[in-house]
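Observations on the three-dimensional arrangement
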Amino acid sequence: MRVDVDGVTVRLEDGASLLTAVRSAGVELPTLCHDDRLAPAGSCRTCLVRSGGNVVAACVSPAVDGAVIEVADGELRALRRDAVELIVAALPPYALDGGADGGELARLCHSLGIAPETARGRGGRGRDETHPYVRLDRDLCIACGRCVRMCADVQGTFALTLVGRGADTVVAPGTGGAWADSDCVACGGCVDTCPTGALTEPGLPLGGTAVPTRTRTTCGYCGVGCSLEVLTRDGHVAAVLPDHEGPVNRGHACVKGRFAHGFLRSPERLTRPLLRRDGRLEPVTWAEALDHVARGLRAAVAAGGPDAVAAISSARATNEENYLVQKFMRVAIGTNNIDNCSRLCHAPSAAGLTASFGLSGGTDTFDDVERADCLLLVGANPVEAHPVVGARLLQRVLRGTRLIVADPRAVGLARYADVHLRPRPGTNVALFHGLAHMLLAEGLIDEEFLLRRADGLPELTALLADYPPDRVAALTGVPAEEVAAAARLYGRAERPAIVYGLGVTEHLHGTDGVRALANLAILCGAVGTGRGFGVNPLRGQNNVQGASDMGALPDVLPGYGKVTDPAARARAADVWGVPVPDRPGMRIPEMFAAARAGALRALWIVGEDVCATDPDATRVAEALDACPLVVCQELFLSETARRADVVLPVASWLEKDGTFVNFDRRFQRVRPALDPPGEAMTDFAAVHALASALGVDLGCRTPAEALAECGRVTPLFAGLSHERLDREGAVPWPCPDPGSSGEATLYRERFATPDGLAHLAACPYLPPGEEPDDHYPLILVTGRRWAHYNSGSMTRRTGNIRLDSADWLDLHPADAARYGLGDGHPVTVESRHGRATLIARLSGDMAPGQVFCAFHFPSSGVNTLTSGHADTVTSCPEYKVTAVRLHPGP
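One structure accompanies this document, and this report is about it.

Digging into the overall build of the protein chain
Looking only at helices and strands, one finds 29 helices and 36 strands in the protein chain. The globule rule puts the C-alpha radius of gyration for 890 residues at 29 Å, and the 28 Å found for the protein chain is close to it. Along the three orthogonal principal directions, the C-alpha set of the protein chain runs to about 85 × 70 × 65 Å. When the 890 residues of the protein chain are sorted by exposure, 62% land in the buried category. Taking the intrachain contacts of the protein chain between residues at least 6 apart in sequence as the baseline, contacts between residues at least 24 apart amount to 72%. Here the protein chain displays about 31400 Å² of accessible surface, and carbon together with sulfur accounts for 51% of that area. A distance of 2 Å separates the average location of the 87 positive side-chain charges in the protein chain from that of its 105 negative side-chain charges.

Structure follows, in structure tokens:
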């Protein structure tokens, strides 16, 4: 469309509003009830313009081709000013504090020449300061409704409402009572959108003379990859705000990324290296610590060869740091004994997706997944574990997208599902085969796609004959009619998409689960075709995808070239200048076993609290105690660091330079907003320092040089650079050259398997590693809660501890009655491997016979319960099935 705005002609897309037209002409209007992230409301009447002879609110009025819009007319200016003055008059005098440096309303009034004394309301409606992150000043509320709409239309929590009548209308929690007791999940959207300061972050001034420094970076919590703006003053974080231009979060955030930065100021931050002397960890200089480590590494190699040394890299570290750690192990030590915590979560995804399609990442961008008309969400609770993704998916479902959820618990998006399948933990493969059986039986497959682009159909068809809905119901506990209904919903969709989480991977047969799930997309031709949006894992940690991409794995080099492949080794050797070991190294469980057996003599752990997060934690602790040298790089003195011989203080994600890769394969920049405290340094600098102590030059002096070198080792990332990411924001891999935009959607022409075909998997259902019995009659599933992250080392040192203060054991009321437990009662949980003390929480979300807990409080001992059973292909632990029994009391 062509529209005239005060004599300026602008071009607009169909459906644009008059407000968009005015802004396109370079003119700003007051918009106190408007936020670009929300549907327009038109309630404040401050954006009045004239169009077609009528005075209208620009935000809610559609533009039409040839329209003539008047904005600068004196009468219109007076109307807009009058509308703002009418609103301001009811506010208390401090409402306009800060003027041009104040909040949105104060800045607007300053620009319109509205004096502070215009605000002459008496106030008296009071404040709510009960919440750690949201402060309500009712006297500043203008009832614009932006906070209510943000909570409903973006976050999807529906925790807020407007109460009262007329001038007394004010925002309030929908549940009544204090904000801290409400359904608020502290995403910060209401604070971010409030134009008046009625909702603010406690301790954060609206303005001031010292202009904060703004640093755009990528969140270091979950794997969504939210873009954030960090505001710093005087060497401290003043606030962390969602980046409105963020490619994934689009101006939204969650309680962790938005508010959980208080750990930076914790007095427990490590600021000096620690060295164990006479059984105690004592502060030493970096030179002393590095000399001790270097001597220990040389001694380990002398005693047992290079394979007597191993390293566990970190999904919390940047790509460049992971690249440098694996290069150190292969170049400085001469071993492939390098692994990362993807071993504990999505190693089956890498193995399963590679076997089915050829590459280890998700098949489609999340922007495409959002366009699906049917979502199959399996083994994931993104509302809590990936809140921004959960919010975006919920908005699609509320707008009509059909939803199938497969999850034993009735949590998160399951409450909105068209079909909710609740399989017994450990029976995923049988359930997926039951769905596939129905797709075949009812002709809901893409025969042309299967003929041209897939193989394995005859073998799979023969297998699926044994998985009719009745048998699947007997195996899984899911009624046959629900299996059939879910298969029809997915099979008849025009654009289906599969999204899954750790409920698929963390099983004895997790890789089989990924492959059986991928079968569904292949059967329907819903991958690589545009007819659907494939199979997409939700990664749990900020850089769990990138850590593996960078080669921090025992069997692959950067870009997933196998260490057994001479060509892949040759490419790396050409860049590194030394030969690469040709034998796969040890996985994390194998490292611990070797340490207990005396074969592993040095273990370097970068940013992982293995004593808290790894299964069968008692045996993990035994391994560390048996290893002659344990080196730990950490922010805090974690359970693992307490057992180390040397502890090196390092930087957090807010103090680092580099990149992360998010769950849908996008490289994004990480930039330091602060310097590390005391003598702490980045993991990148620490690796270089250790290499220098050994007399080894790793090159790659800067993170930018490390990413560039990685691109020379593997064509997968050859087109990526810090300079490009600074310019373009986010680029997905594969990206083989600087002229490539990256492949957001994979496999449009061929799959990345050797024969170019998608491979169907005929893997039979096999039972889990543990089964309940008379002695251990319940099944424990572990996972995550919305307020915390992993072992909780960061979030427990923030205001989040007020939102979720303990490790809870969720159980069905019938099970609670059987064991004599009440809500809030202490409960001892025992497995065949250990015991933990938790707090009972009765929940109808649980199925009888199943209990759930998180692992955010290491002192509870949750991972002493979990077993050593692991995925038969990748050694990923079976966190989702542990047989337990309960006893009242601690």
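Focus: the pairing of strand β12 (residues 227–233)
Counting buried residues in β12 gives 6 out of 7 residues, a clear majority hidden from the surface. Bridging between strand β11 (residues 213–218) and β12 involves 6 bridges; their strand directions are antiparallel. Following the sheet pairing, Thr217 is matched in β12 by Leu228. Relative to strand β13 (residues 236–242), β12 runs antiparallel, the two sharing 6 bridges. Counted as the bridge partner of Thr232 is Val237 from β13. Counting the residues that bridge the hairpin from β12 to β13 gives 2 residues, and of these Asp234 lies at a positive phi of roughly 55°.

Description of the pattern of salt bridges
Tallied over the entire structure, the rule returns 56 salt bridges. In this structure, Asp726 and Arg671 form a salt bridge, with 2.7 Å as the shortest nitrogen-oxygen distance. Remark: Arg671 occurs in the loop between β28 (666–670) and α25 (683–693) and Asp726 occurs in helix α27 (residues 722–728); sequence separation between them is 55 residues. Looking at Arg671, the relative accessible area reads 21%, which means it is partly exposed.

Re the nonpolar core
Membership of the largest hydrophobic core comes to 114 residues, with the highest contact counts inside it found for Leu297, Phe328, Phe357 and Trp604. Excluding residues within four positions of it along the chain, Phe357 makes contact with Thr363, Ala518, Ile522, Val527, Val535, Tyr747, Phe751, Ala752, Thr753 and Ala758.

Here's the deal with the environment of Ile498
Relative to the helices and strands, Ile498 resides in strand β22 (residues 496–500). Each C-alpha atom, one on Ile498 and one on Val535, is 4.8 Å from the other, the two residues being 37 residues apart in sequence. Setting aside its immediate chain neighbours within four residues, Ile498 contacts Leu376, Tyr490, Leu517, Leu520, Ala521, Gly534, Val535 and Asn536.

Some remarks on the sheet that holds strand β33 (residues 826–831)
Reading around the barrel, the 6 strands line up as β31-β35-β32-β34-β33-β36 and close back on themselves, with mixed pairing between neighbours. Put simply, the sheet's adjacent strands are angled 45° from each other on average, direction ignored. With 2 bridges joining them, strand β32 (residues 808–811) and strand β35 (residues 850–854) adopt antiparallel strand pairing. The residue bridging Leu811 from the neighbouring strand is Val851, located in β35.

A few points about the sheet that holds β28
Here we have 3 strands laid out as an open sheet, ordered β27-β28-β29, and antiparallel in their pairing. Strands with a single pairing partner mark the edges of an open sheet, and in this sheet they are β27 (658–661) and β29 (730–732). Going across the sheet, the axis of each strand differs from the next one's by a mean of 35°, ignoring polarity. Here 4 bridges tie β27 to β28, and the two strands are oriented antiparallel to one another. Across the sheet, the residue bridging to Phe660 is Gln668, located in β28. Lying over the sheet, helix α8 (residues 319–333) contacts β27 and β28, oriented at roughly 95° with respect to β27.

Structural notes on a nonpolar patch on the surface
There is a patch of nonpolar side chains on the surface, built from Phe158, Leu398 and Tyr416 and spanning about 280 Å² of accessible area. Mapping Tyr416 onto the fold places it in the loop between β19 (402–406) and β20 (419–421).

What about the packing of helix α22 (residues 588–597) against helix α24 (residues 617–626)?
Two elements in contact, α22 and α24, have axes separated by 8 Å at closest approach and are oriented at 55°. Viewed along their axes, α22 and α24 adopt a mutual orientation that is oblique. Pair α22 / α24 crosses with left-handed handedness. Across the interface between the two elements, Phe592, Ala595 and Arg596 from α22 touch Arg619, Val620, Glu622, Ala623, Leu624 and Ala626 from α24.

Describing helix α3 (residues 104–112)
Every buried residue of α3 is listed here: Leu105, Ala106, Leu108 and Cys109. For α3, the arc enclosing every buried residue in end-on projection is 160°, short of the 170-degree limit, so these residues lie on one face. Away from the buried face of α3 by more than 90 degrees, exposed residues His110 and Ser111 are located. In this structure, the buried side of α3 is in contact with α2 (74–89).

Some thoughts on the state of the cysteines
Applying the stated rule across the entire model yields 0 disulfides. Of the cysteine sulfurs around Cys345, a residue in no disulfide, the closest is that of Cys341, at 5.5 Å. Cys632 takes part in no disulfide bond, and the closest cysteine sulfur to it belongs to Cys611, at a distance of 9.0 Å. With a relative accessible area of 0%, Cys632 lands in the buried category.

Calculation rules
Residue positions within a chain follow its written sequence, with the count starting from 1. Restriction of local features to residues with pLDDT of at least 70 applies here, the model being predicted, together with a cutoff of 80 or more for giving and counting side-chain atom pairs; totals for whole chains, interfaces and linings are based on all residues. Each side-chain value is derived from all of the structure's non-hydrogen atoms; neither hydrogens nor water enter the calculation. Numbering of helices and strands runs from the N terminus, with a helix taken as a DSSP run of H or I at least four residues long and a strand as a DSSP run of E at least two residues long. The globule rule used for comparison is 2.2 Å times the number of residues to the exponent 0.38, while the radius of gyration itself is calculated over C-alpha atoms. Exposure is judged per residue with a 1.4 Å probe applied to protein chains only, and the accessible area is read against the type maximum: over 50% gives exposed, under 20% gives buried, and values in between give partly exposed. Here, two residues are considered to be in contact whenever any of their heavy atoms come within 4.5 Å of each other. For the accessible areas, the method is Shrake-Rupley and the probe is 1.4 Å, while residue cover comes only from the protein chains on display. A residue counts as positive if it is Lys or Arg and as negative if it is Asp or Glu; His and the chain ends are not included. Charged side chains are reduced to one point each, which is NZ for Lys, CZ for Arg, CG for Asp and CD for Glu. For two strands to pair, DSSP has to find at least two bridges joining them. For salt bridges, the criterion is a side-chain nitrogen of Lys or Arg within 4 Å of an Asp or Glu carboxyl oxygen. Only buried Ala, Val, Leu, Ile, Met, Phe, Trp, Tyr and Cys residues count toward a nonpolar core, and they belong to the same one when joined by side-chain atoms within 4.5 Å. As a rule, the C-alpha atoms of each element are fitted with a line to give its axis, helices using only the stretch in contact, and angles between N-to-C directions run from 0 to 180 degrees. Candidate patch residues must exceed 30% relative accessible area and have no salt bridge, after which like charges are joined if within 9 Å and Val, Leu, Ile, Met, Phe, Trp or Tyr side chains if within 5 Å. Small angles under 35 degrees read as roughly parallel and large ones over 145 as roughly antiparallel, with 65 to 115 read as roughly perpendicular and the rest as oblique. In this scheme, a crossing is called left-handed if the near helix is turned counterclockwise away from the far one by less than a right angle; it is called right-handed if the turn is clockwise. By construction, the arc corresponds to the directions joining the helix axis to the C-beta atoms. Disulfides are defined as pairs of cysteine sulfur atoms found within 2.5 Å of each other.

These figures capture arrangement, not role.
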